[in-house]
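Here are the chains, one letter per residue:
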Amino acid sequence: MEFFRVRRDIPFMKHALALNAFSTLAFVLAVFFLVTRGLNLSVEFTGGTVMEIAYEQPADLPAVRQVITQLGYAEVPVQNFGTSRDVLLRLPPMPGITSGQQSEQVLAALRAQNPAVELRRTEFVGPQVGRELVEDGLIALALVIVGIMVYLAFRFEWKFSVAAIVANLHDVVIILGFFAFFQWEFSLAVLAAVLAVLGYSVNESVVIFDRIRETFRRQRKMTPAQVIDHAITSTMSRTIITHGSTEAMVLSMLLFGGPTLFYFALALTIGILFGIYSSIFVAASVAMWLGVKREDLVRNTPKKDGPGTDPDDPNAGAVV
């Protein structure tokens, strides 16, 4: 199904160098923010106590932060949760104090400031659980990357495998860079979104790679850059339909899904947008820089007798 057909190939690879420079800059900045600011890990990873409190009137967040700071907690996230009257606190573990004592201490201090404060919920996640989640998350990410490389190396060619992994790591690091720069909370749901983006991005790369291989078989006089331009242009309608419908669903979660789905949908939104970009201007261009050519994907095996031996026949002896 196509909404439109582009009659003339768009010279994407003509601008590959400039756009790859932009990608490199964005990647370096994302790594810089990850190193200098770090991720704002949720209590699921770090361990600690989560408190949800409610006020009768819209909460004064600076005043709440001041009370928490006076108790000896530095840089504790204090944010609205759901409505302006609900506040979510994430307290790090304190030596010698249990989670229950910690929540009682904080609640007493808040009620001294405003007696109408109501405790909605409190929960504790131990640091041991946090370390296990971090390790399991990193293992899952490594397995996904290795699986993608092996799959692409067998289905296409090692140059495409390297190109796809570079593009996928670009998407993942960019997402993490956004979360580090804005200090958005990085939770298990966000980790799941990052893993989903890996699969989603590689799917788009596979579609383009498959069309590149098909074009190499049919067009012998095209240069590799022209083949890549033709492959990307011929899949544009499909890309718009697929990504447009997916992004509409993700945006609905982002706008109407509430606080629980907000950062999950936000990570997916960033990942989908950069996934489209990276499949075209990172994966395809990296494959071009690595020197992908027709002989990498199509092997000619002419027979001595019978039809199909004509060298001018575009399908003569072509075996993928």
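Overview of the structure.

Rules and cut-offs
Residues numbered from 1 in each chain as written. Predicted model: local features only at pLDDT ≥ 70, side-chain atom pairs only at ≥ 80, totals over all residues. Heavy atoms only, no water. Pairing = 2+ DSSP bridges. Helix = DSSP H or I, 4+ residues; strand = E, 2+ residues; numbered from the N terminus. Axes fitted to C-alpha atoms, helices over the stretch in contact; angles between N-to-C directions. Contact = heavy atoms within 4.5 Å. Buried < 20%, exposed > 50% of the residue type's maximum accessible area, 1.4 Å probe, protein only.

What to know about the sheet that holds strand β4 (residues 83-91)
For step 1, the next point in the chain: In spatial order, the strands read β3-β4-β2-β5; together these four strands make up an open sheet with antiparallel pairing. Only two strands of the sheet have a single neighbouring strand rather than two, namely β3 (78-81) and β5 (118-125). Each strand axis lies, on average, 25° off the axis of its neighbour in the sheet, ignoring direction.
For step 2, the next point in the chain: In this structure, β3 lies alongside β4, joined through four bridges in antiparallel fashion. Residue pairing in the sheet places Val78 in a bridge with Leu89 of β4.
For step 3, the next point in the chain: Helix α4 (residues 99-113) rests against β2 (48-54), β4 and β5 of the sheet, and its axis sits at about 35° to β2.

Regarding unusual backbone geometry
Note: most residues except glycine have negative phi, and most peptide bonds are trans.
For step 1, the next point in the chain: Residue Gln183 is not a glycine yet carries a positive backbone phi of 55°.
For step 2, the next point in the chain: Along the chain, Gln183 falls in the loop between α6 (158-182) and β6 (185-186).
For step 3, the next point in the chain: Judged by its relative accessible area of 29%, Gln183 falls in the partly exposed class.

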